[in-house]
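Working through the structure, step by step
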Amino acid sequence: MKKSILILMSAIVLTLSACRQEPVRVACVGDSITYGHGIKDREHDTYPGLLSTMLGEKYDVRNFGVSGTTTMMGTDMPYMNEQAYKDALAFNPQIVTIKLGTNDSKPYNWKEQEHFKKDLKTLIESFRALPAKPGIWLCLPVPAYGHAWSINDSVIFNGVIPYIKEVAQEENIPIIDLNTPMQGKRQYFPDTIHPNEEGQKQIARIVFDAVFTKRKK
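The paragraphs below set out a description of the structure included in this document. For clarity, every value in this text was computed on a predicted model and none was experimentally measured.

Quick notes on the overall build of the protein
Helix and strand counts for the protein stand at nine helices and five strands. Each helix and strand of the protein, ordered N terminal to C terminal, gives the series α-β-α-α-α-β-α-β-α-α-β-α-β-α. The buried share of the protein, reckoned over its 217 residues, is 48%. Considering only intrachain contacts with a sequence separation of at least 6, the fraction spanning at least 24 residues in the protein is 76%. When the accessible surface of the protein is split by element, carbon and sulfur atoms take 54% of a total near 10900 Å².

Some details on helix α7 (residues 116-128)
An ideal rise of 1.5 Å per residue puts 18 Å on 13 residues; α7 measures up with 18 Å between its terminal C-alpha atoms. Considered for burial, the residues of α7 that qualify are F116, K117, D119, L120, L123, I124, S126 and F127. Against β1 (24-30), α5 (83-90), β3 (95-99), α6 (107-110), β4 (135-140) and α8 (153-171) lie the buried residues of α7.

Considerations on the packing of aromatic side chains
Following the criterion strictly, the structure yields nine aromatic pairs and no others. Their ring planes at 40 degrees and their centres at 5.8 Å tell us that W110 and Y163 sit as a pair that is tilted. Remark: Y163 occurs in helix α8 and W110 occurs in helix α6; sequence separation between them is 53 residues. Aromatic pair F116 and Y163: ring centres 5.8 Å apart, planes at 20 degrees, arrangement stacked. Of this pair, F116 sits in helix α7 while Y163 sits in helix α8, and the two are 47 residues apart along the sequence. We classify F116 as buried; its relative accessible area is 0%.

A short note on unusual backbone geometry
Outside of glycine, negative phi angles account for most residues, and trans bonds account for most peptide bonds. The backbone of N92 shows a phi angle near 50 degrees, a positive value even though the residue is not glycine. For N92, the position within the fold is in the loop between α5 and β3. On the accessibility criterion, N92 (19% relative accessible area) is buried. Here T192, not a glycine, exhibits a phi torsion of approximately 80 degrees, which is positive. Here T192 shows up in the loop between β5 (175-177) and α9 (197-216).

Regarding the nonpolar core
Note that soluble globular proteins tend to have their nonpolar side chains buried in a common cluster. If you look at the biggest cluster of nonpolar residues, it comprises 35 residues, and the most contacted ones within it are Y79, I98, L123, F127 and L138. Counting only elements with at least two residues in this core, the list comes to β1, α5, β3, α7, β4 and α8. Sort the elements by how many residues they give to this core and α8 lands first, with seven residues. Other than its neighbours up to four places away in sequence, F127 contacts V29, Y85, A88, L89, P93, V96, P134 and I136.

Digging into the side chain of N103
Within the secondary structure, N103 is located in the loop between β3 and α6. Among the polar contacts made by the side chain of N103, one reaches the side chain of K106 at a distance of 3.3 Å. When near neighbours in sequence (up to four residues on either side) are disregarded, N103 contacts D31, G68, T69, T70, N109 and I151.

Calculation criteria
Residues numbered from 1 in each chain as written. Predicted model: local features only at pLDDT ≥ 70, side-chain atom pairs only at ≥ 80, totals over all residues. Heavy atoms only, no water. Helix = DSSP H or I, 4+ residues; strand = E, 2+ residues; numbered from the N terminus. Buried < 20%, exposed > 50% of the residue type's maximum accessible area, 1.4 Å probe, protein only. Contact = heavy atoms within 4.5 Å. Areas by Shrake-Rupley, 256 points an atom, 1.4 Å probe, with all protein chains shown as cover. Expected span 1.5 Å × (residues − 1). Phe/Tyr/Trp six-rings, centres within 6.5 Å; stacked < 30°, edge-to-face > 60°. Core = buried A, V, L, I, M, F, W, Y, C linked by side-chain atoms within 4.5 Å. Polar contact = N/O pair within 3.5 Å; in protein donor to acceptor, adjacent residues only side chain to side chain.

Structure follows, in structure tokens:
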């Protein structure tokens, strides 16, 4: 009888130890900048891939970026209509970074701007409702250095970013400012919109410092 109890206790200890060793699940939600448009080795050289390398085996970092996607539902390609969104929810992440808004700045999308805050809050709440109760960070979009794909930097800076800041304040969510540090860094954006490998490194470092520095100590 005592032997059986010892075996049972050992099994419980091993199970609890295995649970403690499960990696922290990190979901990087976003558009083509998160996905890694123009990056040859997306697995390693996008900012989610770089974060995975920086964080090591104790974290499971996954890239749920989809090129062309928007925050708002009444636009040409809402993120919340994509399979990647469903996959991100199914992943049940413990940490979520959201980097959307660049494609919302397109003229035919920005006409729906009155819905931006509501739809961003809907996206946030869908992650908050998950069993893991993840920590969520909102990223301010990087600057656009041209009008390729009809993206408008003035709208990003004067419209999208203020809305994101308002939602962050109202929902008590921390912000990761990717806009200010990337101002004047045109060399990192060969097509004027998407960061190259060096630009992705800069983003990864900013996200790492904002989200993970304290956790790693």
